[in-house]
Structures are given as C-alpha cells and as structure tokens.
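Spelled out from the first residue to the last, the chains are:
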Amino acid sequence: MSPSSPSSAPPIAARPAYAERLGLSWWLWLAGLAAAGLLAAELWMGAPGLRSWLPFAVLLPSAAAGLWWLGRIRVAVRDGELLVDDARLPVRYVADVVPLDAAGRREVLGVGADPLAFVVQRPWISGAVQVVLDDPADPTPFWVVSTRRPVELAEAILAARDAAR
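Residues numbered from 1 in each chain as written. Predicted model: local features only at pLDDT ≥ 70, side-chain atom pairs only at ≥ 80, totals over all residues. Heavy atoms only, no water.

### Comments concerning the nonpolar core
Then step 1. Among the nonpolar cores identified, the biggest contains 24 residues, and Leu82, Val131 and Trp143 are the most heavily contacted of them.
Then step 2. Breaking this core down by element, the ones donating at least two residues are β2 (74-78), β3 (81-84), β4 (87-90), β5 (94-100), β7 (128-133), β8 (142-146) and α4 (150-164).
Then step 3. For this core, the element with the highest residue contribution is α4, accounting for 5 residues.
Then step 4. The residues contacting tryptophan 143, other than those within four sequence positions of it, are Leu82, Val84, Ala87, Arg88, Leu89, Phe118, Val129, Gln130, Val131 and Leu133.
Then step 5. Counting 6 residues, the second-largest nonpolar core is a separate cluster that includes Leu100, Ala117, Ala128 and Val144. (Core = buried A, V, L, I, M, F, W, Y, C linked by side-chain atoms within 4.5 Å. Buried < 20%, exposed > 50% of the residue type's maximum accessible area, 1.4 Å probe, protein only. Helix = DSSP H or I, 4+ residues; strand = E, 2+ residues; numbered from the N terminus. Contact = heavy atoms within 4.5 Å.)

Here it is, written out as structure tokens:
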C-alpha cells in the first residue's frame, strides 16, 4: 500500500475564524438560583407533605433551565458567513463593521435607533459590533450583535469578507 497524499485525505471541517457563546456570568447564575431558592422557601413556609419539597424540585431546575436558555446564543464567523444563533449573514454583503463599547451600543440602540435593524443584544455584555450591510434587496440597514470581544469579531468579519472577494 502506498501512503496517501494529503489531497486524498477526507476534508476536515473548517475551524471557525471566530466563535463565542453569549453565556451568563457566574454572578448572574448565583443571583438567579438564589432568587429561585428564596421563592421556593417562601412557598414552602414549613408546610408538611408535598409542599415541603415540591417548590424546590420545580423552581430550582426551572430557574437553571431559564438561565441556560438566556445564555444559549452563539456567535461565529465560519464558511463565509456571520452566524448569530440561527441567523446567517453572508459576509459578501458586509460593507463595514464597527466595534462598539457600552456607550456606542447605547447610542446605536437608543432613541434614534433604526427599527429595521437586526439586533441580538444581551444586557449583561457591554460590547457589541455594528455590521453595516450593502444589500439592495434587503431592507435591513445593519446588524447589532453583542460580544465580549468586539474588536476581534470585527476583524474576523472583515477578514472573511476580504477572503470571499
């Protein structure tokens, strides 16, 4: 048997140029579970029987599931697309990307915000990027996406756009 050449090897899935999960901070998990525990204790209030364990068995897992659901959003730049949860934006339609700090995000999403903009915003994450679109067929002027590393995400989007051109 002859050794196989690198070109005959099966293709390996392309690694994302950028990937991030917009999960909650540890202190939000702590606060959410503590609030659920306090509510369960208030419902229990020393009652015997079913009411002694049912609030804890229902509220604590429900709170954990809700907190997990809040932090489920994933942001990635892969295969020539910006992926935000289940939304996909081909990078060929990106005109510009602006990294935003907390004040810039507040300005973009404030009183004069465009109602047609696509926004995925998490209040516990201070940074974001504004992705300006250049697609005449799409009425969406820009995307605003929360991220903990706005400069890195902006660079990854622009690098993917330049590589696609």
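### Some thoughts on the UniProt feature "transmembrane region" (unreviewed entry) in the chain
Then step 1. Under the local residue numbering, the UniProt record ascribes the feature "transmembrane region" (unreviewed entry) to residues 26-47 and 53-70.
Then step 2. Counting secondary structure, residues 26-47 comes out at 86% helix and 0% strand; the distance between its end C-alpha atoms is 32 Å.
Then step 3. End-to-end, the C-alpha atoms of residues 53-70 are 26 Å apart, and along that stretch the chain is 94% helix and 0% strand. (UniProt positions renumbered as here; feature names shortened; annotations may be inferred.)

### Regarding the confidence of the model for the chain
Then step 1. Residues of the chain with pLDDT of at least 70 account for 90%, and the chain-wide mean is 88.
Then step 2. Counting interchain partners and residues more than four positions distant, the pLDDT-below-50 stretch residues 1-13 has 0 contacts. (pLDDT = per-residue confidence, 0-100.)

### Section: the sheet that holds β5
Then step 1. One open sheet holds the 4 strands; their spatial order is β5-β7-β8-β6, and the pairing between them is mixed. In this open sheet, the two strands that pair with only one neighbour each are β5 and β6 (118-120). Strand-to-strand twist across the sheet, computed as the mean angle between neighbouring axes with direction ignored, equals 10°.
Then step 2. By the bridge criterion, 5 bridges tie β7 to β8 in an arrangement that is antiparallel. Its bridge partner being in β8, glutamine 130 is matched across the sheet by valine 144.
Then step 3. Set on the sheet, α4 makes contact with β5 and β7; between it and β5 the angle comes to about 170°. (Pairing = 2+ DSSP bridges. Axes fitted to C-alpha atoms, helices over the stretch in contact; angles between N-to-C directions.)

### Structural notes on helix α1 (residues 26-44)
For the α-helix, the turn length of 3.6 residues means that residues three or four positions removed from each other point alike.
Then step 1. Under the 1.5 Å per step criterion, the end-to-end length of α1 is 27 Å for 19 residues, consistent within 8% with the ideal 27 Å.
Then step 2. Three or more residues of α1 are buried, namely Ala36, Gly37 and Ala40. Buried residues in α1, looked at end-on, bunch into an arc of 100°, giving them a common side. In α1, the exposed residues that point more than 90 degrees away from the buried face are Leu30, Leu38 and Glu42.
Then step 3. At its buried positions, α1 is contacted by α2 (54-70).
Then step 4. Just past α1, the residue methionine 45 takes up positive phi, approximately 45°. (Expected span 1.5 Å × (residues − 1). Arc of directions from axis to C-beta.)

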